[in-house]
Amino acid sequence: QVQLVESGGGLVQAGGSLRLSCAASGGIFMLNTMGWYRQAPGKQRELVASISTGGATNYVDSVKGRFSISRDNAKNTVYLQMNSLKPEDTAVYYCNRGNLLMPGLLPFPSWGQGTQVTVSS
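Our subject in this report is the structure included herewith. All figures in this text were calculated on a predicted structure; none of them were measured in a lab.

1. Examining the pairing of strand β3 (residues 18-25)
Reasoning step 1: Bridging between strand β1 (residues 3-7) and β3 involves five bridges; their strand directions are antiparallel. Its bridge partner lying in β3, Leu4 is registered against Ala24.
Reasoning step 2: Two strands pair when backbone bridges link them, and β3 and strand β8 (residues 77-82) are joined in this way by six bridges, in the antiparallel orientation. Across the sheet, Cys22 pairs through a bridge with Val78, a residue of β8.

Set out below in structure tokens:
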């Protein structure tokens, strides 16, 4: 069973930056396309960025040009660099298996606790 632990969230002013990290264990991390999801209050969880095993990245339009996803297979870790943050980026952020080019790819059944990102205006 895969265990996922997210970290790096916090409170930041609009225009600021944060770097999120996700450590994975218990699974074959390097064989899976990974993604960052977010869930804002009252909204469904959405996949916002994904990275293939080979490092190809994809983003939803709302974060394109501001967020950057990367991975270190040797450390079983995936990162999300978030720049030019906006109040609408406020959400709990999670990592899990996911691919924006393959909506049918299901995430791992277990989720981490997520990390809260709050952007003040």
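2. Quick look at the state of the cysteines
Reasoning step 1: In the structure shown here, the tally under the stated rule is one disulfide.
Reasoning step 2: Between the sulfur atoms of Cys22 and its disulfide partner Cys95 the distance amounts to 1.6 Å. Here Cys22, found in strand β3, pairs with Cys95, found in strand β9 (residues 91-97); they are 73 residues apart in sequence, far enough to count as distant.
Reasoning step 3: Given a relative accessible area of 1%, Cys22 falls into the buried group.

3. As for unusual backbone geometry
Reasoning step 1: The phi dihedral of Asn76 is positive, around 50 degrees, even though this residue is not glycine.
Reasoning step 2: Relative to the assigned elements, Asn76 resides in the loop between β7 (67-72) and β8.
Reasoning step 3: The residue Ser84 is not glycine, and still its phi comes out positive at about 50 degrees.
Reasoning step 4: Considering the arrangement of structural elements, one finds Ser84 in the loop between β8 and β9.

Rules of the game
Residues numbered from 1 in each chain as written. Predicted model: local features only at pLDDT ≥ 70, side-chain atom pairs only at ≥ 80, totals over all residues. Heavy atoms only, no water. Pairing = 2+ DSSP bridges. Helix = DSSP H or I, 4+ residues; strand = E, 2+ residues; numbered from the N terminus. Disulfide = S-S within 2.5 Å. Buried < 20%, exposed > 50% of the residue type's maximum accessible area, 1.4 Å probe, protein only.

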